[in-house]
Amino acid sequence: KNEVEQSPQNLTAQEGEFITINCSYSVGISALHWLQQHPGGGIVSLFMLSSGKKKHGRLIATINIQEKHSSLHITASHPRDSAVYICAAYNTDKLIFGTGTRLQVFP
Amino acid sequence: NAGVTQTPKFQVLKTGQSMTLQCAQDMNHEYMSWYRQDPGMGLRLIHYSVGAGITDQGEVPNGYNVSRSTTEDFPLRLLSAAPSQTSVYFCASSYSAGHGLFFGEGSRLTVL
């Protein structure tokens, strides 16, 4: 079993829909990152969370430390949100990655 | 700021050849790391460093060497390339454990 699990693996949506991507982890962490990777592109950190909730534009990330679970929400999704979203748990100087969620948003 | 710079972006090698992937950051970050990304497997840690002169192995270190003689640079060396090392490689840096995390643009390596 992977130490960081994401669901779903693939997600398609119509423009405007509310999106949720989930991440569960089984290790102790000091922080959790949500990353975005566009096709053929680099990787960008969207959020780093150690507790609670963060919001940036249409993106919201939450984390529940007791339940070892984090979610990434996208409100009013847009085709430009199409990318792979990766959660990564920070555990003693090392990042442990989920396998990613491929999101496609259609107009 | 250039951020994290990786070179080369693309490379084709023959089995047994050696090469070095370069990674440089201009943010004075202490933490640097190398990952490989393979389809269906996500990113896996190869080697990492928490400061100049300090390196450690990650999940998949075999076939790779690193050194950290300066804060800015963290090169990844393949001493004798194998087809199993065909992958996309990413370098990352951060100023402390997880804070201010930046990735390079990636290097696509093909070993024939």
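For the structure, check the block above.
Keep in mind that what you see is a predicted model, and the values were worked out from it rather than measured.

Caption draft 1: Examining the nonpolar core more closely. Of all hydrophobic cores here, the largest spans 23 residues; its most connected members are Val4, Leu32, Trp34, Leu72 and Tyr85 of chain A. Secondary structure elements with two or more residues in this core: strand 3 (19–25), strand 4 (31–37), strand 5 (43–49), strand 7 (59–64), strand 8 (69–74), strand 9 (83–91) and strand 11 (101–106) of chain A. Not counting residues up to four positions away in its chain, the partners in contact with Val4 of chain A are Cys23, Ser24, Tyr25, Cys87, Ala89, Ile96, Phe97 and Gly98 of chain A. Judged by nonpolar contacts, the second largest core, of 20 residues, contains Met48 of chain A together with Leu43, Ala92 and Phe103 of chain B.

Caption draft 2: Structural context of empty space enclosed by the protein. Counted by the stated rule, this structure contains one cavity of 30 Å³ or more. In terms of lining residues, the largest cavity is bounded by 13 residues, among which Tyr90 of chain A together with Tyr31, Ser33, Tyr35 and Ser94 of chain B are the most central. By residue number, the principal contributor to the lining of the largest cavity is strand 4 (residues 31–38) of chain B, which donates four residues. Split into classes, the residues belonging to the lining of the largest cavity amount to eight nonpolar, three polar and two charged.

Caption draft 3: Inspection of the interface of chain A and chain B at higher detail. On the side of chain B, 19 residues touch chain A, which itself brings 16 residues to the contact. Both sides of the chain A and chain B interface together cover about 1,400 Å² of buried area, and 67% of this is carbon and sulfur. Taken together, the connections running from chain A to chain B amount to zero salt bridges. At the boundary of chain A and chain B, one finds one residue pair in polar contact (both at pLDDT 80 or more). Mapped onto the side of chain A that touches chain B, the elements with two or more residues apiece are strand 4, strand 5, strand 9 and strand 10 (94–97) of chain A. The residue inventory of the side of chain A that touches chain B, partitioned by class, reads seven nonpolar, seven polar and two charged.

Caption draft 4: Representation of the side chain of Ser71 of chain A. All names here are of chain A. For Ser71, the location among the structural elements is in strand 8. At 2.9 Å, the side chain of Ser71 and the side chain of Asn22 are in polar contact. With near-sequence residues (within four places) excluded, Ser71 lies in contact with Thr20, Ile21, Asn22, Trp34, Ile60, Ala61 and Thr62.

Caption draft 5: Highlighting the state of the cysteines. Considering all chains together, one arrives at two disulfides over all chains under this definition. The disulfide partner of Cys23 of chain A is Cys87 of chain A, and the S-S distance across this bridge is 2.0 Å. Disulfide Cys23 of chain A-Cys87 of chain A: the torsion about the S-S bond is 75 degrees, which places it as right-handed. Of this pair, Cys23 of chain A sits in strand 3 while Cys87 of chain A is found in strand 9, placing the two residues 64 residues apart along the sequence. The class for Cys23 of chain A is buried, based on a relative accessible area of 0%. The buried category is assigned to Cys87 of chain A, whose relative accessible area is 0%. One disulfide bridge connects Cys23 of chain B with Cys91 of chain B, the sulfur atoms lying 1.8 Å from each other. Taking the torsion about the S-S bond as the criterion, the Cys23 of chain B to Cys91 of chain B disulfide, at about -70 degrees, is left-handed. Here Cys23 of chain B, found in strand 3 (residues 19–25), pairs with Cys91 of chain B, found in strand 9 (residues 87–94); they are 68 residues apart in sequence, far enough to count as distant.

What counts and how
Residues numbered from 1 in each chain as written. Chains lettered and ligands numbered in written order. Predicted model: local features only at pLDDT ≥ 70, side-chain atom pairs only at ≥ 80, totals over all residues. Heavy atoms only, no water. Core = buried A, V, L, I, M, F, W, Y, C linked by side-chain atoms within 4.5 Å. Buried < 20%, exposed > 50% of the residue type's maximum accessible area, 1.4 Å probe, protein only. Helix = DSSP H or I, 4+ residues; strand = E, 2+ residues; numbered from the N terminus. Contact = heavy atoms within 4.5 Å. 1 Å grid on protein atoms, 1.4 Å probe; cavity = no way out; pocket = protein on both sides within 12 Å on 5 of 7 lines; lining within 4 Å. Points joined across faces, edges and corners; volume = space filled by probe spheres on them. Nonpolar A, V, L, I, M, F, W, Y, C, P; charged D, E, K, R; others polar. Buried area = accessible area lost by both parts, 1.4 Å probe. Salt bridge = Lys/Arg side-chain N within 4 Å of Asp/Glu carboxyl O. Polar contact = N/O pair within 3.5 Å; in protein donor to acceptor, adjacent residues only side chain to side chain. Disulfide = S-S within 2.5 Å.

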